[in-house]
Amino acid sequence: MTKFEALGLQKSLLDAITDMGFETPSEVQEKAIPILLEGETDLVALAQTGTGKTAAFGFPLIQKIDSNSRTTQGLILSPTRELCLQITKEMQAYSKYERNINVVAIYGGASITDQARQIKKGAQIIVATPGRMKDMISRRLVDISNIDYCILDEADEMLNMGFMEDIKDILSGTPDEKSTWLFSATMPREVATIAKKFMHSPQEITVGAKNSGASTVQHEYYVVGGRDRYPALKRLADTNPDIFSVIFCRTKRDTQKVAENLIEDGYNAGALHGDLSQNQRDLVMNSFRKRQIQMLVATDVAARGIDVDDITHVINYQLPDEIETYTHRSGRTGRAGKSGISMVLITRSEQRKIRAIETKINQKFELKKVPSGMEICGIQLHHLANKIKDTETNSDVDGYLPEINEILEGIDREELIKKLISAEFTRFSNYYNKSKDLNSSDSGRDRERSDDRRGGEIPTSGAVRYFVNVGERDGYDWMSLKDFIRDTVGLGQEDVFKVDVKESFSFFNTESEVTQQILEKFTEFKVDGRFVNVEVSKNPGGGGGGNRRSGGSGFGGGFKGKRSSSGGRRDDDRGGRGRKEGSSESKGRRRDRSESSSPNSGKRRTTKRKGDFF
Ligand code: ADP
Ligand code: MG
């Protein structure tokens, strides 16, 4: 008897399970299935993401459905369209040997008429998102007044997404004597409320510690300067050449920006967020599944539907507001018993948040160092050697071999290897040569201060003077620059003052209350594909003017650079206000920051910043 058989599952299901290659039940399956098969009961099951909850309710549900009746008997509510489709697919796979069981998905963004037609044909099981479900109920396109089972899957996430009212409405139209099974990774107050209101003395099972992250996941954090998040992200990617990862940002905007930057820098990256059309999202997800995308940059909501196993790394580009969201994020890796790493990029001031997460998930974080440029070169070298070793030779090259042998004649094996490796390696070492330490530390701060114009202390009161790397030649005068800063940060009429526009850079003042806001806004902020960099000037509260040399080349010259691949771009086609970030104009631009380009995007152009302006 297999372990699944011992749980009481029928032959047709066991056959489907064999086909799917499941050998042993997961813990939540082992606990939930017998309870659900045995009698009619309500159940609250808490288990982390990736522990096999779908089958834990799916197997018993299928076994309990009366396939001779065509009425809708089971309703599964799930937070997103993606999850809805994923569950439907799984349920269809589980029920492949059942006769006449129809599982139909109902979700927004697709034809409601088509879905209604499918329901009409007889759907014993409906998998639905709450919004569309409510819509269909109100149009009388579905009838759930006779269901026997209602499953709330990813209940915490549904409530997070604001479906509380919809769920209440939907449940109020279902029979009182049905069984309700609630599955959730975490148990926030809202979920407890739902359980209390709509369930009758539910049995409870908990797998692992409550609210804890999957134990196959290793948690790491890296302390970097706020502006070094992006270069640090690239180093983490370069340290893991085979990375297959989800990178979480807090906003759709950041998500799009980080993905665009990565693509521009030659990484296989893609963005997934709610501002994309369903079609675009499907395309991105397909590429990700096929691993054409190695780094999927996503918002929390969009990522809920990611049903991809084997994700090696979850990278928290920024920490989420809610600790529970962190649990969901890290649960994207370490699925189905595999191990995974959840990395967090934080600034020094966020370190206490790590402690809070540790307490909540009952797991320790390891403080790691962002690898140095030379370390990465070493790793890449190692990777390259392995890649060469594992490369299958291609007989198509045979015809060229005599010629190639002639060219390479007289070079011995050792030297040949050295040359071969160097060809690739130089790309990385050129890029990382003299790269700075990205780990945030006191010495790091000192180094920044030694720069002539930037890195001034941030005063806590009074006026603060800033340096910004745009000027007259970008089309600004003092008035338009003032407007630009105000509009961008959302400041009032009088908030930006003493604006002094030079040819390729400018200065301005604000009160210190808004300094944080300004610096955050201009962290990796791009206009027309170039970074607009704002830094606290070393001349605190200065009135502008005075004996500065004109900036000329140095700093501003950095914007002239072009990607070798883009070609043909006019050098003077730069700057100016009004163009939107992310426009096609932004493609193919280089950034005026250290580590702005990437070893992946060809040759690196370094921009040295020199000058004594104060
Ligand atoms: P959860 O809903 O808890 O996040 P899923 O139900 O989506 O997890 O399952 C995660 C992955 O594990 C899926 O790819 C699923 O097919 C697989 N899986 C589920 N149960 C088993 C099992 N008993 N053995 C092997 N793989 C399983
Ligand atoms: Mg699930």
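Residues numbered from 1 in each chain as written. Chains lettered and ligands numbered in written order. Predicted model: local features only at pLDDT ≥ 70, side-chain atom pairs only at ≥ 80, totals over all residues. Heavy atoms only, no water.

1. As for the overall build of the chain
This is how the line gets drawn: Strands here mean DSSP runs of E at least two residues long; helices mean DSSP runs of H or I at least four residues long; both are numbered from the N terminus. Throughout this description, buried means an accessible area under 20% of the type-specific maximum (1.4 Å probe, protein chains only), exposed means over 50%, and partly exposed covers the range between. Contact between two residues is taken to exist if any of their heavy atoms lie within 4.5 Å; hydrogens are not considered. Per-residue accessibility takes into account occlusion by the displayed protein chains alone, with areas from the Shrake-Rupley method and a 1.4 Å probe.
The helix and strand tally for the chain stands at 22 helices and 20 strands. Out of the 614 residues in the chain, the part that is buried amounts to 52%. When contacts within the chain are restricted to residue pairs at least 6 apart in sequence, those whose partners lie at least 24 apart make up 78%. For the chain, the accessible surface area stands at approximately 28,300 Å², while carbon and sulfur atoms represent 47% of it.

2. Looking at unusual backbone geometry
The backbone of arginine 291 sits at a positive phi, close to 70°, despite the residue not being glycine. Assignment of secondary structure puts arginine 291 in the loop between α13 (278–289) and β11 (295–298). Positioned with a positive phi, lysine 498 is a non-glycine residue whose angle comes to about 50°. In this structure, lysine 498 sits in strand β16 (residues 497–501). Note on lysine 498: relative accessible area 46%, which makes it partly exposed.

3. Some remarks on the packing of helix α17 (residues 373–390) against helix α19 (residues 413–432)
Defined as follows: Each axis is a line fitted through C-alpha atoms, and for a helix only the stretch in contact is used; angles between axes span 0 to 180 degrees, taken between their N-to-C directions. Angle categories: roughly parallel below 35 degrees, roughly antiparallel above 145, roughly perpendicular from 65 to 115, and oblique for all the rest. Crossing handedness follows the turn of the near helix against the far one: under a right angle anticlockwise gives a left-handed crossing, and clockwise gives a right-handed one. Amino acids are sorted into nonpolar (Ala, Val, Leu, Ile, Met, Phe, Trp, Tyr, Cys and Pro), charged (Asp, Glu, Lys and Arg) and polar (every other residue, Gly among them).
Running from amino to carboxyl end, α17 crosses α19 at an angle of 155°, the nearest separation of the two axes being 9 Å. Taken as axis vectors, α17 and α19 run roughly antiparallel relative to one another. Here α17 and α19 pass one another in a crossing that is right-handed. Where α17 approaches α19, its residues Gly373, Ile376, Cys377, Gly378, Gln380, Leu381, Leu384, Ala385 and Ile388 are matched on the opposing element by Leu420, Ile421, Glu424, Phe425, Phe428, Ser429 and Tyr432. The residue inventory of the contact of α17 with α19, partitioned by class, reads 11 nonpolar, four polar and one charged.

4. Looking at the nonpolar core
As a reminder of what qualifies: Residue types Ala, Val, Leu, Ile, Met, Phe, Trp, Tyr and Cys, when buried and joined through side-chain atoms within 4.5 Å, form a set referred to as a nonpolar core.
Core analysis: the biggest nonpolar cluster contains 39 residues, and Ile125 and Phe183 have the highest contact counts within it. Core analysis: the next-biggest nonpolar cluster, separate from the first, contains 33 residues, Val44, Leu75, Ile144 and Phe198 among them.

5. Quick word on the sheet that holds strand β13 (residues 340–346)
Put simply, the test is: Being paired, for any two strands, means DSSP has found at least two bridges between them.
Read across the sheet, seven strands follow the order β10-β11-β9-β12-β13-β8-β14 without closing on themselves; strand pairing throughout is parallel. Each end of this open sheet is capped by a strand with a single partner; those strands are β10 (269–272) and β14 (365–367). Sheet twist, expressed as the mean angle between neighbouring strand axes with direction ignored, is 25°. Lying on the sheet, helix α15 (residues 323–330) is in contact with β8 (217–223), β9 (245–248), β12 (313–316), β13 and β14; it crosses β12 at an angle near 150°.

6. Re the pairing of strand β4 (residues 125–128)
Rules: By definition, the crossover connecting two strands over a helix is right-handed if that path, from the first strand to the second, turns clockwise as seen with the strands pointing away from the viewer.
Side chains Ile125 and Val127 of β4 all project onto a buried face; the interleaved residues Ile126 and Ala128 project onto the opposite face, where all are buried too. Bridge count for strand β2 (residues 74–77) against β4 is four bridges, and the pairing is parallel. For leucine 75, the partnering residue across the bridge sits in β4 and is isoleucine 126. In this sheet, β4 lies alongside strand β3 (residues 103–106) in parallel orientation, the contact comprising four bridges. Within β4, the residue paired with valine 104 across the bridge is isoleucine 126. Once the chain exits β3 it traverses helix α6 (residues 112–120) before rejoining the sheet at β4, and the crossover so formed is right-handed.

7. Some words on the sheet that holds strand β17 (residues 506–511)
With antiparallel pairing, four strands are arranged side by side in an open sheet as β16-β17-β15-β20. The sheet is open, and its two edges are formed by β16 and β20 (534–536), each paired on a single side. Pairwise comparison of adjacent strand axes, ignoring direction, gives a mean angle of 25° for this sheet. Sheet topology places strand β15 (residues 463–468) next to β17; six bridges connect them, and they run antiparallel. Among the inter-strand pairings, valine 468 is bridged to a residue of β17, identified as serine 506. Packed on one face of the sheet, helix α21 (residues 478–489) meets β15, β16 and β17 and runs near 120° to β16.

8. Some details on the UniProt feature "domain: DEAD-box RNA helicase Q" (unreviewed entry) in the chain
Rules: UniProt positions are given in the numbering used here, feature names are shortened, and annotations may be inferred rather than shown by experiment.
Here the UniProt-annotated "domain: DEAD-box RNA helicase Q" (unreviewed entry) positions come out as residues 2–30. Each end of residues 2–30 is marked by a C-alpha atom, and these two atoms are 12 Å apart; helix forms 62% of the span and strand 0%.

9. Things to note about the packing of aromatic side chains
Condition: Any pair of Phe, Tyr and Trp rings, taking the six-membered ring for Trp, is counted once the centres come within 6.5 Å. Such a pair is stacked with planes under 30 degrees apart, edge-to-face with planes over 60 apart, and tilted for the rest. Placement of a positive charge over a ring is assigned whenever Lys NZ or Arg CZ falls within 6 Å of the ring centre and within 35 degrees of the normal to the ring plane.
Evaluation of the coordinates by the stated rule reveals 15 aromatic pairs. Between the NZ or CZ atom of arginine 291 and the centre of the ring of phenylalanine 244, over which it lies, the distance is 3.9 Å. A cation over a ring is seen here: lysine 526 above phenylalanine 531, with NZ or CZ 5.9 Å from the ring centre.

10. Section: the pairing of strand β1 (residues 43–46)
Of the two faces of β1, the one lined by Leu43 and Ala45 and the one lined by Val44 and Leu46 are each fully buried. As defined by bridge partners, β1 adjoins strand β7 (residues 203–206) across four bridges and the pair is classed as parallel. Paired with valine 44 across the two strands is glutamate 204, which belongs to β7. Sheet analysis places β1 next to strand β6 (residues 179–184), joined by four bridges and oriented parallel. Counterpart to leucine 43 in the pairing with β6 is tryptophan 181.

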